[in-house]
Amino acid sequence: QVQLVESGGGLVQAGDSLTLSCAASVWGAWTMAWFRQAPGKEREFVAGIGWIGGITEYSDSVRGRFTMTRENAKKTVLLQMNGLKPEDTAVYYCAATRRSSVHKTDSEYPYWGQGTQVTVSS
(Lines give C-alpha, C1' and ligand atoms only; values in the text may rest on other atoms or scores of the structure.)
Protein backbone atom coordinates (compact mmCIF):
# COMPACT_ATOMS: atom_id res chain seq x y z
CA GLN A 1 0.00 0.00 0.00
CA VAL A 2 1.36 3.39 -0.99
CA GLN A 3 1.31 5.97 1.77
CA LEU A 4 2.31 9.62 1.47
CA VAL A 5 2.44 11.82 4.56
CA GLU A 6 2.94 15.57 4.22
CA SER A 7 4.14 17.88 6.95
CA GLY A 8 5.56 21.36 7.39
CA GLY A 9 2.60 23.57 6.59
CA GLY A 10 1.70 26.57 8.66
CA LEU A 11 0.90 30.26 8.87
CA VAL A 12 3.62 32.63 7.65
CA GLN A 13 3.91 36.22 6.47
CA ALA A 14 4.50 37.34 2.92
CA GLY A 15 8.16 37.03 2.01
CA ASP A 16 8.84 34.24 4.49
CA SER A 17 10.09 30.75 3.69
CA LEU A 18 8.65 27.34 4.47
CA THR A 19 9.69 23.77 3.72
CA LEU A 20 7.15 21.03 3.13
CA SER A 21 8.06 17.36 3.50
CA CYS A 22 6.45 14.26 2.07
CA ALA A 23 7.44 10.91 3.55
CA ALA A 24 6.72 8.02 1.21
CA SER A 25 6.23 4.32 1.86
CA VAL A 26 7.60 3.58 -1.63
CA TRP A 27 10.76 4.78 -3.28
CA GLY A 28 12.97 4.37 -6.31
CA ALA A 29 11.09 4.23 -9.59
CA TRP A 30 8.42 6.71 -8.59
CA THR A 31 7.86 10.20 -9.90
CA MET A 32 6.77 12.55 -7.14
CA ALA A 33 4.92 15.84 -7.37
CA TRP A 34 3.36 18.62 -5.35
CA PHE A 35 -0.05 20.04 -6.17
CA ARG A 36 -2.06 22.69 -4.35
CA GLN A 37 -5.67 23.67 -4.06
CA ALA A 38 -6.88 27.07 -2.91
CA PRO A 39 -10.47 27.62 -1.72
CA GLY A 40 -12.86 27.75 -4.63
CA LYS A 41 -10.19 26.79 -7.14
CA GLU A 42 -9.16 23.63 -8.92
CA ARG A 43 -6.15 21.68 -7.81
CA GLU A 44 -3.05 22.81 -9.70
CA PHE A 45 0.42 21.46 -10.34
CA VAL A 46 3.24 23.10 -8.40
CA ALA A 47 6.38 21.01 -8.87
CA GLY A 48 7.51 17.51 -9.74
CA ILE A 49 10.64 15.39 -9.85
CA GLY A 50 11.04 12.38 -12.11
CA TRP A 51 12.79 9.21 -11.03
CA ILE A 52 14.90 9.06 -14.20
CA GLY A 53 17.63 11.62 -13.83
CA GLY A 54 15.84 13.51 -11.09
CA ILE A 55 14.57 16.08 -13.58
CA THR A 56 12.43 18.74 -11.94
CA GLU A 57 9.62 20.81 -13.36
CA TYR A 58 7.80 23.78 -11.90
CA SER A 59 4.71 25.79 -12.62
CA ASP A 60 5.30 29.28 -13.94
CA SER A 61 3.87 30.79 -10.77
CA VAL A 62 6.50 29.23 -8.48
CA ARG A 63 9.55 28.81 -10.73
CA GLY A 64 12.50 30.60 -9.19
CA ARG A 65 10.92 30.67 -5.72
CA PHE A 66 10.23 26.99 -4.98
CA THR A 67 12.71 24.10 -5.11
CA MET A 68 11.81 20.43 -5.01
CA THR A 69 14.37 17.82 -3.96
CA ARG A 70 14.58 14.14 -3.08
CA GLU A 71 16.21 12.76 0.05
CA ASN A 72 16.74 9.14 -0.94
CA ALA A 73 18.00 7.95 2.45
CA LYS A 74 14.82 9.22 4.12
CA LYS A 75 12.40 8.34 1.28
CA THR A 76 11.27 11.94 1.43
CA VAL A 77 10.68 14.74 -1.02
CA LEU A 78 10.97 18.34 0.05
CA LEU A 79 9.46 21.52 -1.28
CA GLN A 80 11.48 24.55 -0.25
CA MET A 81 9.29 27.63 -0.66
CA ASN A 82 10.90 31.05 -0.59
CA GLY A 83 9.41 34.48 -1.10
CA LEU A 84 5.94 33.29 -0.23
CA LYS A 85 3.01 35.36 -1.42
CA PRO A 86 -0.61 35.47 -0.24
CA GLU A 87 -1.62 33.78 -3.51
CA ASP A 88 0.43 30.75 -2.45
CA THR A 89 -2.16 30.08 0.25
CA ALA A 90 -3.60 26.61 -0.35
CA VAL A 91 -3.67 23.02 0.80
CA TYR A 92 -0.54 21.38 -0.60
CA TYR A 93 -0.69 17.73 -1.63
CA CYS A 94 2.07 15.25 -2.33
CA ALA A 95 1.40 12.79 -5.16
CA ALA A 96 3.13 9.77 -6.65
CA THR A 97 3.05 7.89 -9.95
CA ARG A 98 5.02 5.06 -11.55
CA ARG A 99 5.37 7.13 -14.73
CA SER A 100 8.99 7.95 -15.48
CA SER A 101 8.56 11.67 -16.06
CA VAL A 102 6.69 14.53 -14.46
CA HIS A 103 3.12 15.09 -15.56
CA LYS A 104 1.26 18.27 -14.71
CA THR A 105 -2.21 16.71 -14.70
CA ASP A 106 -3.45 15.39 -11.38
CA SER A 107 -5.22 12.46 -13.04
CA GLU A 108 -1.79 10.98 -13.85
CA TYR A 109 -1.11 10.45 -10.14
CA PRO A 110 -2.95 7.56 -8.48
CA TYR A 111 -1.55 8.11 -5.00
CA TRP A 112 -2.06 11.16 -2.79
CA GLY A 113 -1.30 12.37 0.69
CA GLN A 114 -3.82 13.98 2.99
CA GLY A 115 -2.54 17.51 2.38
CA THR A 116 -1.00 20.22 4.53
CA GLN A 117 -2.30 23.78 4.87
CA VAL A 118 -0.10 26.72 3.94
CA THR A 119 -1.41 30.18 4.76
CA VAL A 120 0.47 33.31 3.78
CA SER A 121 -0.69 36.57 5.31
CA SER A 122 -0.06 39.94 3.67
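Please read all numbers here as calculations on a predicted model, not as lab measurements.

Student: Honestly, the packing of aromatic side chains in this entry has me stumped. Any pointers?
Tutor: The geometry of an aromatic ring pair is captured by the separation of the ring centres together with the interplanar angle, meaning the angle of the planes. Per the stated rule, a full pass over the model turns up six aromatic pairs. Between phenylalanine 35 and phenylalanine 45, the aromatic rings sit 5.6 Å apart at their centres with planes inclined by 80°, giving edge-to-face as the arrangement. Of this pair, phenylalanine 35 sits in strand β4 (residues 31-37) while phenylalanine 45 sits in strand β5 (residues 44-49), and the two are ten residues apart along the sequence. Here phenylalanine 35 and phenylalanine 45 have matching classes, each one buried. Here the aromatic rings of phenylalanine 35 and tyrosine 109 are separated by 5.3 Å at their centres, their planes lie at 70°, and the arrangement is edge-to-face. Here phenylalanine 35 is found in strand β4, whereas its partner tyrosine 109 is found in the loop between β9 (90-97) and β10 (111-112), with 74 residues between them in sequence. Judged on exposure class, the residue phenylalanine 35 and its partner tyrosine 109 are both buried. A cation over an aromatic ring shows up here: arginine 43 above the ring of tryptophan 112, its NZ or CZ 3.8 Å from the ring centre.

Rules of the game
Residues take numbers from 1 onward in each chain, read along the sequence in its written order. A pLDDT threshold of at least 70 governs which residues receive local features in this predicted model, and a stricter bar of 80 or more applies before side-chain atom pairs are shown or counted, although totals over entire chains, interfaces and linings include all residues. Values reported for side chains reflect all heavy atoms of the structure, with hydrogen atoms and water molecules removed beforehand. Any pair of Phe, Tyr and Trp rings, taking the six-membered ring for Trp, is counted once the centres come within 6.5 Å. Such a pair is stacked with planes under 30 degrees apart, edge-to-face with planes over 60 apart, and tilted for the rest. Every helix listed is a DSSP run of H or I at least four residues long, and every strand listed is a run of E at least two residues long, numbered separately from the N terminus. For the exposure calls, accessible area comes from a 1.4 Å probe over protein chains only, and a residue counts as buried if that area is under 20% of its type's maximum, exposed if over 50%, partly exposed in between. Definition used: whenever NZ (Lys) or CZ (Arg) falls within 6 Å of the ring centre and also within 35 degrees of the ring normal, the charge is taken to sit over that ring.

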